[in-house]
Amino acid sequence: MSTQRRPPFFPTTLETVLLLIYPSILLVGSLFGLLDPNARAAPYNASSQSHYAATAPSYFAKKSNVFNKFFVKQGWAWVTFSYFFFLLSHPYAGKPFSLSLTPRRVRGALRWGIVTVWWIFVTQWFFGPAIIDRGFMLTGGQCELVRKAEAGNVQVDEVRQLVTGVACKAVGGEWKGGHDISGHVFLLVLGSMFLFEEVLYVVWRAGRGKEERTIVMGDGAVKSAEVEAKLEGNEDVVGNWTLGSKVVVGVGALMWYMLLMTAAYFHTWFEKLTGLLVALGGIFIVYFLPRMVPVVRGIIGMPGI
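Being a predicted model, the structure only gives us computed values, none of them experimental. (Residues numbered from 1 in each chain as written. Predicted model: local features only at pLDDT ≥ 70, side-chain atom pairs only at ≥ 80, totals over all residues. Heavy atoms only, no water.)

A.B. asks: What is the right way to look at the pattern of salt bridges in this model?
C.D. replies: Close approach of charged atoms allows side chains of opposite charge to pair. Under the counting rule described, the total for this entry stands at three salt bridges. Arg291 is the partner of Glu15 in a salt bridge, and the nearest nitrogen-oxygen pair spans 2.4 Å. A residue pair is termed long-range when its members are at least 10 positions apart, and Glu15 in helix α1 (residues 13-35) and Arg291 in helix α13 (residues 289-292) qualify at 276 residues. Assessed through its relative accessible area of 0%, Glu15 is described here as buried. (Salt bridge = Lys/Arg side-chain N within 4 Å of Asp/Glu carboxyl O. Helix = DSSP H or I, 4+ residues; strand = E, 2+ residues; numbered from the N terminus. Buried < 20%, exposed > 50% of the residue type's maximum accessible area, 1.4 Å probe, protein only.)

A.B. asks: I tried to follow the nonpolar core on my own but got confused; where do I start?
C.D. replies: Soluble globular proteins tend to pack their nonpolar side chains together in the buried interior. Grouped together as the largest cluster of nonpolar side chains are 51 residues, with contacts concentrated most on Leu190, Phe194, Leu259 and Tyr265. Of all the elements in the fold, those that place two or more residues in this core are α1, α3 (66-72), α4 (75-89), α5 (103-123), α10 (183-206), α11 (243-265) and α12 (269-287). With 13 residues, the single largest contributor to this core is α10. Not counting chain neighbours up to four residues away, the residues in contact with Leu259 comprise Tyr22, Ile25, Leu26, Val185, Leu188 and Val189. By size, the runner-up hydrophobic cluster in this structure holds five residues, among which are Met217, Ala225, Met302 and Ile305. (Core = buried A, V, L, I, M, F, W, Y, C linked by side-chain atoms within 4.5 Å. Contact = heavy atoms within 4.5 Å.)

A.B. asks: How should I be thinking about α1 in this particular structure?
C.D. replies: In an α-helix, one full turn covers 3.6 residues, which means residues spaced three or four apart are oriented alike. Its 23 residues give α1 an end-to-end C-alpha distance of 33 Å, which sits within 8% of 33 Å, the value for a rise of 1.5 Å per residue. Every buried residue belonging to α1 is among Glu15, Leu18, Tyr22, Ile25, Leu26, Gly29, Ser30 and Gly33, and all of these are buried. (Expected span 1.5 Å × (residues − 1).)

A.B. asks: Would you mind showing me how to read the packing of α5 against α12 here?
C.D. replies: In a packed pair of helices, the relevant descriptors are the angle between the two axes and the axis-to-axis distance. The interhelical angle for the contact between α5 and α12, taken along N-to-C directions, is 155°, at an axis separation of 10 Å. The pairing of α5 with α12 is recorded here as roughly antiparallel in orientation. Relative to α12, α5 is oriented so that their crossing is right-handed. Of the residues in α12, those in contact with Arg111, Ile114, Val115, Trp118 and Val122 of α5 are Val278, Ala279, Gly282, Val286 and Tyr287. Residue composition of the contact of α5 with α12, grouped by class: eight nonpolar, one polar and one charged. (Axes fitted to C-alpha atoms, helices over the stretch in contact; angles between N-to-C directions. Parallel < 35°, antiparallel > 145°, perpendicular 65-115°, else oblique. Left-handed = near helix turned anticlockwise from the far one by under 90°. Nonpolar A, V, L, I, M, F, W, Y, C, P; charged D, E, K, R; others polar.)

A.B. asks: Where do I start with the environment of Phe71 in this structure?
C.D. replies: Considering the arrangement of structural elements, one finds Phe71 in helix α3. Placed 184 residues apart in sequence, Phe71 and Met255 show a C-alpha to C-alpha distance of 8.6 Å. Among residues more than four places away in sequence, those in contact with Phe71 are Val66, Trp78, Val251, Leu254, Met255 and Met258.

A.B. asks: Can you help me understand the side chain of Asn65 in this one?
C.D. replies: One can find Asn65 in the loop between β2 (50-51) and α3. Here Lys62 takes part through its backbone oxygen, which lies 2.7 Å from a polar atom of the side chain of Asn65. Those residues in contact with Asn65 that lie beyond four places of it in its chain are Tyr59, Phe60 and Met258. (Polar contact = N/O pair within 3.5 Å; in protein donor to acceptor, adjacent residues only side chain to side chain.)

Spelled out as structure tokens, the structure:
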């Protein structure tokens, strides 16, 4: 008697746990910020969606805290470094610390490239202003050059030319009025989920877990992802906890903690929710779509396959 297979677009047990962790972190952090007496008593700047530095209820409520400046603000550099260290050092992807371009390394780099392009589109550039800035303006946001406008030194046309938050703040303006997707939540969710998806197979094999992912084959049949696993050597190396694996998990765990701090002290509930959803949209494209589309899977592969 045949057993019913899990649909390819369904998350595995480990992926389900991960997907539940993110909204849980945002919920716990947001409730803490709402209920903590110190946070409630501290003045809040609705324009910047943060507490004033001088009266911040916590070190982590200050944008100048060292973890925000040197980790979150440089978040994608940390993601990139830790991932390629893992990719080049784990024996499953190829000979450790060699620069040989094995199929797994090439496909891993392609997955990183797609996620990186999504990060660029959302936060940096999307054929002009980034998606975050475009969304802000489409929902009624604009740059308010308060001090210069009061002094009569700003023309309306000049203000309209400031179409990004960075440009607006660089000239002393305030980015106000629209819906501001939380860039911090987006980055921390996208970066950590990407890293965990890439080492998920390693973690699962280390515990001798069964492959739960299913894929659609060229003939439309749904089979276990194991059928496409082409091992390049000893299968025992799959579960090895290398230094690269630990670095990736460490960076991902620190991103979780900073996500908790972001949820507690910055942005509105809806801004955090949209940051989460936009990040998961990119994850779906890279890690779930290939399971359903053989052509895509043939190009970027799947972690561990």
